[in-house]
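# Topology and contacts: notes
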Amino acid sequence: MAAAMTDALWGRTAVDTNRALGARTQTYAYEFAEAGNPWFKDLPRGSFPVGAPHLAELPYLFDLGWAEPLNTAQQALSASLIDTWSDFARTGRTAWKPYTPAAPNVRSLSSAGSRPTDFEGGHKYPFWKELLG
């Protein structure tokens, strides 16, 4: 249910936003795809995997004090994310190709590496766009 709601409400609008921006200006799109993120220190874990929900990347970028410590692979991802966003802030560029409607480049970022991803296909964009507009 969570995946369907995420695809319908967030994935669909992310693609629409990427397309609108990518048609008019340099646009870089990414998906934070780390599956085993640190959990909240003071909350019990859920009984099912939650993937990479909204805000999951924040403990990789900031020491906020509310999440469990990062493991070794997550620390490496943290360093990579900080380098990526620092370089982007300084130069306005990333190590991957920009998103355009004709070339919908989206990067998947996780401790397994940074790689291109079919964001539209993975989030069932054609289905949800047809159904919800």
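See the structure shown above.
Residues numbered from 1 in each chain as written. Predicted model: local features only at pLDDT ≥ 70, side-chain atom pairs only at ≥ 80, totals over all residues. Heavy atoms only, no water.

## So, the layout of surface pockets
Its boundaries defined by the atoms lining it, the largest pocket holds a volume of some 750 Å³. Lining of the largest pocket is provided by 24 residues; of these, Thr6, Trp10, Ala52, Pro53 and His54 occupy positions nearest its centre. Residue assignment for the lining of the largest pocket shows that the elements contributing at least two residues are α1 (2-22) and β1 (29-32). If you tally residues by element for the lining of the largest pocket, the top one is α1, at seven residues. Lining the second largest pocket are 18 residues, and of these Asn37, Pro38, Trp39, Val50 and Pro53 sit closest to its centre. Among the residues forming the lining of the second largest pocket, the class breakdown is 12 nonpolar, five polar and one charged. (1 Å grid on protein atoms, 1.4 Å probe; cavity = no way out; pocket = protein on both sides within 12 Å on 5 of 7 lines; lining within 4 Å. Points joined across faces, edges and corners; volume = space filled by probe spheres on them. Helix = DSSP H or I, 4+ residues; strand = E, 2+ residues; numbered from the N terminus. Nonpolar A, V, L, I, M, F, W, Y, C, P; charged D, E, K, R; others polar.)

## Thoughts on unusual backbone geometry
Positive phi, normally seen in glycine, also occurs at Leu55, with a value near 80°. When you line up the elements, Leu55 lands in the loop between β1 and α2 (58-61). Given a relative accessible area of 41%, Leu55 falls into the partly exposed group. Positive phi is not limited to glycine here, since Lys124 has a value of about 55°. With respect to the helices, strands and loops of the structure, Lys124 is situated in the loop between α4 (119-122) and α5 (125-132). (Buried < 20%, exposed > 50% of the residue type's maximum accessible area, 1.4 Å probe, protein only.)

## Details of the packing of α1 against α5
As a packed pair, α1 and α5 sit with axes 9 Å apart at the nearest point and diverge in direction by 95°. Judged by the inter-axis angle, α1 sits roughly perpendicular to α5. From α1, Ala4, Asp7, Ala8, Arg12, Val15, Asp16 and Arg19 reach across to α5, where they touch Tyr125, Trp128, Lys129 and Leu132. A class-by-class count of the residues in the contact of α1 with α5 yields six nonpolar, no polar and five charged. (Axes fitted to C-alpha atoms, helices over the stretch in contact; angles between N-to-C directions. Parallel < 35°, antiparallel > 145°, perpendicular 65-115°, else oblique. Contact = heavy atoms within 4.5 Å.)

This is a description of form; function is not addressed.
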